[in-house]
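Summary of the model geometry
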Amino acid sequence: HDIRISAGQTTTLDLDARAASRASSFGISVGLSGGSATATATMGPAAGVSAHATGSRLDAGGDVAIEATGINTATVDSGTSSISSSLISVAAGGSLATVKPVVEAYIGSGSDVDARSGSVRVEAISDASATVHAYGFSTGSLAFGTSVATADLRPTVTAQVEGGPGGQATTV
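What comes next concerns the included structure. Keep in mind the model is a prediction, meaning the values are calculated, not measured. (Residues numbered from 1 in each chain as written. Predicted model: local features only at pLDDT ≥ 70, side-chain atom pairs only at ≥ 80, totals over all residues. Heavy atoms only, no water.)

This part is about the overall build of the protein chain. Across its full length, the protein chain holds zero helices and 11 strands. When each of the 172 residues of the protein chain is scored for burial, the buried share is 34%. The contacts of the protein chain with a sequence gap of at least 6 include a subset with a gap of at least 24, amounting to 84%. Counting only carbon and sulfur atoms, one obtains 52% of the accessible surface of the protein chain, whose full area is about 9,000 Å². (Helix = DSSP H or I, 4+ residues; strand = E, 2+ residues; numbered from the N terminus. Buried < 20%, exposed > 50% of the residue type's maximum accessible area, 1.4 Å probe, protein only. Contact = heavy atoms within 4.5 Å. Areas by Shrake-Rupley, 256 points an atom, 1.4 Å probe, with all protein chains shown as cover.)

Written out as structure tokens, the structure reads:
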């Protein structure tokens, strides 16, 4: 018989932030219109997954597989609009998506693994993505605007067989 230890996790974050402003003035005057929107999504190590055997005896007549799969997706949108029929209009927007999951699969120290007529497979897979959009619209006699979109995608993926007593694998 085969032995399979498998763990999987899917995490999705969708954020949307919007801001709008409008200013009007009549006669001799100064008007100001401004708006800003910021959206931030963060997935850290808690969005990770681990599959492992530590201090265990795995005795299989066939294959031994230890598998960890993490699917992490972040989508962030932000937008601003500022309209001024007077003098100054300012708009600013920003989007940040940070995706840093930890995906690990391992045979830990002190484990005894015997796959008599099969193979031993240790596999860690990360399917991580970050999508960001930022837009801004500003109109007026003096119009200023900025939009910034940043994606920080850094998964940590580990698949390993740790050493047993004396730094050697017990049985593989």
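Here the narrative resumes, following the displayed structure.
As a further point, take the pattern of salt bridges. Tallying each qualifying case throughout the model produces nine salt bridges. Of the charged contacts in the structure, one is a salt bridge between Glu-67 and Arg-4, with a shortest N-O distance of 2.6 Å. Of this pair, Glu-67 sits in strand E5 (residues 64-84) while Arg-4 sits in strand E1 (residues 3-23), and the two are 63 residues apart along the sequence. With a relative accessible area of 61%, Arg-4 lands in the exposed category. Ionic pairing is found between Arg-57 and Asp-59, a salt bridge with its closest N-O pair at 3.5 Å. Classification of Arg-57 as exposed rests on a relative accessible area of 52%. One network of salt bridges, with partners in common, ties together Arg-57, Asp-59, Asp-112, Asp-114 and Arg-116. (Salt bridge = Lys/Arg side-chain N within 4 Å of Asp/Glu carboxyl O.)

What follows concerns the environment of Ala-53. Note on placement: Ala-53 falls in strand E3 (residues 49-53). Spatially, the C-alpha atom of Ala-53 lies 9.2 Å from that of Gly-110, the residues being 57 residues apart in sequence. Setting aside residues up to four positions removed in sequence, Ala-53 forms contacts with Ile-5, Leu-58, Ile-66, Tyr-106, Ile-107, Gly-108 and Ser-111.

As summarised here, the arrangement of the three strands in space is E1-E5-E9, forming an open sheet in which the pairing is parallel. Lying at the two open borders of the sheet, with one neighbouring strand each, are E1 and strand E9 (120-139). Recorded for the sheet is a direction-independent mean angle of 0° between the axes of neighbouring strands. Relative to E5, E1 is paired through 21 bridges, and the arrangement is parallel. Its bridge partner lying in E5, Thr-12 is registered against Thr-73. (Pairing = 2+ DSSP bridges. Axes fitted to C-alpha atoms, helices over the stretch in contact; angles between N-to-C directions.)

Here we take up the nonpolar core. Within the largest apolar cluster, 15 residues are counted, with the highest numbers of intra-cluster contacts made by Leu-58, Val-64, Ile-66 and Ala-68. Residue assignment for this core shows that the elements contributing at least two residues are E3, strand E4 (57-60), E5, strand E7 (102-107) and strand E8 (112-115). Apart from residues no more than four positions distant in its own chain, Val-64 is found in contact with Ile-3, Leu-58, Val-113, Asp-114, Ala-115, Ser-119, Val-120 and Arg-121. Ala-39, Ala-47, Val-99 and Ala-128 belong to the second largest nonpolar core, which has 13 residues in total. (Core = buried A, V, L, I, M, F, W, Y, C linked by side-chain atoms within 4.5 Å.)

This part is about the pairing of E7. Along any regular strand the residues' side chains alternate between the sheet's two faces. Here E3 runs beside E7; their pairing, made up of five bridges, is parallel. Among the inter-strand pairings, Val-49 is bridged to a residue of E7, identified as Val-103. Relative to strand E11 (residues 156-161), E7 runs parallel, the two being bridged by six bridges. Across the sheet, the residue bridging to Ile-107 is Val-161, located in E11.

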